[in-house]
Amino acid sequence: MSIGRIALILVGLVHWGMVQAQQGNAASIRGAGATLPAAIYTSWGQSFAKEKSIPVAYQAVGSGEGVKRIIAREVDFGASDVAVSREEIKRNNLFQFPTVIGGIVPVVGFRPGNSGQLRLTGSVLADIFAGRITEWNDTRIAELNPGTDLPKVAITRIVREDSSGTTEAFTSYLSVVSENWSRSIGSGNTVSWPGTVTKARGNDGVVEAMKVARGAITYVSLDRVARDKLNPVLLENRQGKFVAPSEAGLKAAVKASTMNLTADEYASLLNMPGSTTWPITQATFVLVDRAPKTAASVSQTLGFFYWAFMRGDDIITNTGFVPLPTAMQARIMGRFKEEIKPQDGGPLQFMK
């Protein structure tokens, strides 16, 4: 355990000793949004509920819907796989913070030849999803995979149907590595996919669609690769290295980013330098009311994420996610009291 982690835990223990818990018949904490971190929020929620007797109900309805629900104050927190703009945050009086680091992985529905893994560059991947490359034995793919017996079948593109932060991160990466993509298609929670594509809802939906489609390719969160026994591509990173998706690759991307170097929580983690970095790395975010009616109405929600930063890192290990750097977790918890101002003027009591 690092010195920073020990210090963070000691600070939390001091506060726990100072604050009286008032759990009783506590209402559940309601969250909704991004599908990418759903497994983490569910696991955190189960452990939190067991320890604190406060249930956490999270609905994985997609980033766009999660943002809509917190703006309407229909949930206690919304979740998005892409940072909501500062302008929208200000306009809707929200407080936003990152919670965990994940990755987006292109996966294919077949095992190519003897190698078992397909090698792709960012530009070739972009042209596949743009419909410019339509067959798996296309010359450009074959050149990246010498000696590999590529199937002579049409490429079936499977994409997200819902408003998705995963789609936003994936298409943002394609915009970074392909000028053609950036100019003609761009990025967003939804985009106009050229040609004929198969659409499915959520990470679960695209995985199920890929199981029955011939010659399929789609994009999913890293945690789904091992869980669903998918075939990830080896993707060329910024240093020209073909890398497999891994938690180590996510950590390397964070380490190289300005999110780590200058504490910029909005910083992109896409296509970071480094020989081992995974190119499509992203933080996922939570949004809460910056001016709740009462301190009590938001304290439970903040308490859940305080607990997650204090106790949840071990739950993340070997799941396809990595925790935020300890220093960033500490900064975020410090901002809770600085930036969230309940209308009743009551104290925020989340360090229980």
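Residues numbered from 1 in each chain as written. Predicted model: local features only at pLDDT ≥ 70, side-chain atom pairs only at ≥ 80, totals over all residues. Heavy atoms only, no water.

Caption draft 1: Seen up close, the packing of helix α5 (residues 122-129) against helix α7 (residues 165-177). Between α5 and α7, the shortest axis-to-axis distance is 9 Å and the interhelical angle comes to 120°. Classified by the angle their axes make, α5 and α7 are oblique. At the point where α5 passes α7, the crossing takes the left-handed sense. Contact with α5, carried on its side by Gly122, Ser123, Leu125, Ala126 and Phe129, involves Phe170, Tyr173, Leu174 and Val177 of α7 and no other residues of that element. Split into classes, the residues belonging to the contact of α5 with α7 amount to seven nonpolar, two polar and no charged. (Axes fitted to C-alpha atoms, helices over the stretch in contact; angles between N-to-C directions. Helix = DSSP H or I, 4+ residues; strand = E, 2+ residues; numbered from the N terminus. Parallel < 35°, antiparallel > 145°, perpendicular 65-115°, else oblique. Left-handed = near helix turned anticlockwise from the far one by under 90°. Contact = heavy atoms within 4.5 Å. Nonpolar A, V, L, I, M, F, W, Y, C, P; charged D, E, K, R; others polar.)

Caption draft 2: Molecular detail of α7. Between its first and last C-alpha atoms α7 spans 19 Å; for 13 residues at 1.5 Å apiece the expected length is 18 Å, and the two agree. Within α7, 11 of the 13 residues are buried, leaving the element largely enclosed by the surrounding structure. Along α7, the residues classified as buried are Gly165, Thr166, Thr167, Glu168, Ala169, Phe170, Thr171, Ser172, Tyr173, Leu174 and Ser175. The backbone nitrogen of threonine 166 lies 3.0 Å from a side-chain oxygen of the residue at the head of α7, namely serine 164. (Expected span 1.5 Å × (residues − 1). Buried < 20%, exposed > 50% of the residue type's maximum accessible area, 1.4 Å probe, protein only. Polar contact = N/O pair within 3.5 Å; in protein donor to acceptor, adjacent residues only side chain to side chain.)

Caption draft 3: Looking closely at the pattern of salt bridges. The tally for this structure, following the rule as stated, stands at 20 salt bridges. A salt bridge links glutamate 51 to lysine 52; its shortest N-O distance comes to 3.9 Å. Between lysine 211 and glutamate 208 there is a salt bridge, with its nearest N and O atoms 3.1 Å apart. Here the residue lysine 211 and the residue glutamate 208 both occupy positions in helix α9 (residues 202-212), the gap between them amounting to three residues, near one helical turn. According to the relative accessible area criterion, glutamate 208 is partly exposed, its value standing at 45%. (Salt bridge = Lys/Arg side-chain N within 4 Å of Asp/Glu carboxyl O.)

Caption draft 4: Region of the structure containing the pairing of strand β1 (residues 29-33). In terms of residue burial, β1 counts as a mostly covered element, since four of its five residues are buried. Alignment of β1 against strand β2 (residues 56-60), held across five bridges, turns out to be parallel. Its bridge partner lying in β2, glycine 33 is registered against alanine 60. The parallel pair β1 and β2 is bridged by helix α2 (residues 38-52), and the resulting crossover is right-handed. As defined by bridge partners, β1 adjoins strand β3 (residues 77-80) across three bridges and the pair is classed as parallel. Bridging across to β3, alanine 32 finds its partner in glycine 78. (Pairing = 2+ DSSP bridges. Right-handed = clockwise from strand over helix to strand, strands pointing away.)

Caption draft 5: Region of interest: the nonpolar core. Within the largest apolar cluster, 97 residues are counted, with the highest numbers of intra-cluster contacts made by Leu120, Ile128, Phe129, Trp136 and Ile141. Element by element, the count of residues in this core is highest for helix α13 (residues 295-311), at 10 residues. Judged by nonpolar contacts, the second largest core, of eight residues, contains Ala32, Val67, Ile70 and Ile89. (Core = buried A, V, L, I, M, F, W, Y, C linked by side-chain atoms within 4.5 Å.)

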